[in-house]
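# Summary of structural features
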Amino acid sequence: MGINHEYWMQQAIQLARKAADEDEVPVGAIIVKNDQLIAEGWNQPIQSHDPSAHAELMAIRNAGQVLNNYRLIDTTMYVTLEPCSMCVGAMIHARVKQLVFGASDLKTGATGSAINLIHDPIHNHKIEVTGGVMEDECREVLQYFFKQKRERNKNK
């Protein structure tokens, strides 16, 4: 049976919607190992007063607890938005095997859109990257959130 990236990305999209419901930028992330969901995360920096509480880092923290290890060997991270440099760095240190993301981030994406940190040859750990999975759906969640935010602010 082949890997169903769309199935897992749909779960990450549901977490992005959860973040939006909490008035956080809607990004969701999950970590899968052996075709099993082991951890999830969604953006929480505003409510947690923690600038590092990105969806990817929340999922990495949760996965470390589940696996009882700071190395997330043979895992795949699914995230709705291309990770920033902070999140890419954490994935490299955690030894995530594969990254699958939805929408590209032209401002801060660190897998090639803004910078290409994930493929820098200086790193001793290489992560397989697949971008653009359910890209339109992932982008729409973000665009709708910011459209709603602008509408609310305009009516104040």
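Residues numbered from 1 in each chain as written. Predicted model: local features only at pLDDT ≥ 70, side-chain atom pairs only at ≥ 80, totals over all residues. Heavy atoms only, no water.

Definition in use: UniProt positions are given in the numbering used here, feature names are shortened, and annotations may be inferred rather than shown by experiment.
Named according to an unreviewed UniProt entry, the protein is tRNA-specific adenosine deaminase originating from endosymbiont of Galathealinum brachiosum. The UniProt entry for the protein carries the following text under Catalytic activity (unreviewed entry): "adenosine(34) in tRNA + H2O + H(+) = inosine(34) in tRNA + NH4(+)". Turning to the protein, the UniProt record has this under Sequence similarities (unreviewed entry): "Belongs to the cytidine and deoxycytidylate deaminase family. ADAT2 subfamily."

## What about the UniProt feature "active site" (unreviewed entry) in the protein?
To keep things clear, this is the line we draw: Secondary structure elements are taken from DSSP: a helix is a run of H or I of four residues or more, a strand is a run of E of two residues or more, and numbering for both begins at the N terminus. Any two residues having at least one pair of non-hydrogen atoms within 4.5 Å are treated as being in contact.
UniProt's feature table lists "active site" (unreviewed entry) at Glu56, given in the numbering used throughout. With respect to the helices and strands, Glu56 occurs in helix H3 (residues 55-67). With near-sequence residues (within four places) excluded, Glu56 lies in contact with Ala29, Met77, Val79, Leu81, Pro83, Cys87 and Met91.

## Describing H3
Counted only if it meets this: For a helix, the expected span equals 1.5 Å multiplied by the residue count minus one. Burial classification: accessible surface area is computed with a 1.4 Å probe over protein chains only, and a residue below 20% of its type maximum counts as buried, one above 50% as exposed, and the rest as partly exposed.
Between its first and last C-alpha atoms H3 spans 18 Å; for 13 residues at 1.5 Å apiece the expected length is 18 Å, and the two agree. Turning to H3, its buried residues number three or more, namely Ala55, Glu56, Leu57, Met58, Ala59, Ile60, Ala63 and Gly64. Structurally, H3 contributes buried residues whose contacts are with strand S1 (28-33), strand S2 (36-42), strand S3 (75-81) and helix H4 (85-94). After H3 finishes, the residue Asn68 shows a positive phi value of roughly 55°.

## Things to note about the packing of H3 against H4
Going by this rule: Here an axis means a line fitted to C-alpha atoms, over the contact stretch when the element is a helix, while the angle between two N-to-C directions is reported on a 0 to 180 degree scale. Put simply, angles under 35 degrees are roughly parallel, angles over 145 are roughly antiparallel, angles from 65 to 115 are roughly perpendicular, and the rest are oblique. Take the far helix as your reference; a near helix turned counterclockwise from it by less than a right angle gives a left-handed crossing, and one turned clockwise gives a right-handed crossing. Charged residues are taken to be Asp, Glu, Lys and Arg, nonpolar residues to be Ala, Val, Leu, Ile, Met, Phe, Trp, Tyr, Cys and Pro, and polar residues to be all remaining types, Gly included.
Following both chains from N to C, one finds H3 and H4 inclined at 20°, their axes separated by 9 Å at the closest point. The pairing of H3 with H4 is recorded here as roughly parallel in orientation. Considering only the axes of H3 and H4, their crossing is left-handed. On H4, the residues touching Glu56, Leu57 and Ile60 of H3 are Met86, Cys87, Ala90, Met91 and Ala94. Looking at side-chain class alone, the contact of H3 with H4 contains seven nonpolar, no polar and one charged residues.

## Quick look at the sheet that holds S1
So the rule is basically this: Two strands make a pair as long as DSSP finds a minimum of two bridges between them.
Judged by pairing direction, the sheet is mixed, and its five strands sit side by side in the order S2-S1-S3-S4-S5 without closing on themselves. A single partner strand is all that each edge strand has here, and the edge strands are S2 and strand S5 (128-130). Across this sheet, the average inter-strand angle for adjacent strands is 20°, counted without regard to direction. Where S3 lies against strand S4 (residues 98-103), five bridges are found, and the strand directions are parallel. For Met77, the partnering residue across the bridge sits in S4 and is Leu99.

## As for the UniProt feature "domain: CMP/dCMP-type deaminase" (unreviewed entry) in the protein
This chain's UniProt record puts "domain: CMP/dCMP-type deaminase" (unreviewed entry) on residues 3-114. Across residues 3-114 one finds 39% helix and 23% strand; the C-alpha atoms that close the span lie 28 Å apart.

## Quick notes on the packing of aromatic side chains
We count it as follows: Centres within 6.5 Å make a pair out of two Phe, Tyr or Trp rings, where for Trp the six-membered ring is used; the pair is then stacked when the planes are under 30 degrees apart, edge-to-face when over 60, and tilted otherwise.
Evaluation of the coordinates by the stated rule reveals three aromatic pairs. When the ring of Tyr7 is compared with that of Trp8, the centres are 4.9 Å apart and the planes differ by 75°; the resulting orientation is edge-to-face. Residue Tyr7 is classed as partly exposed on the basis of its relative accessible area, which comes to 46%. With centroids separated by 6.5 Å and ring planes inclined at 35°, the aromatic side chains of Trp8 and Tyr78 adopt a geometry described as tilted. Residue Trp8 is located in helix H1 (residues 5-21), and its partner Tyr78 is located in strand S3; the two are separated by 70 residues in the primary sequence. With relative accessibility at 6%, the residue Trp8 sits in the buried group. Classification of Tyr78 by relative accessible area gives buried; the value is 2%. Aromatic ring contacts, followed pair by pair, group Tyr7, Trp8 and Tyr78 into a single cluster.

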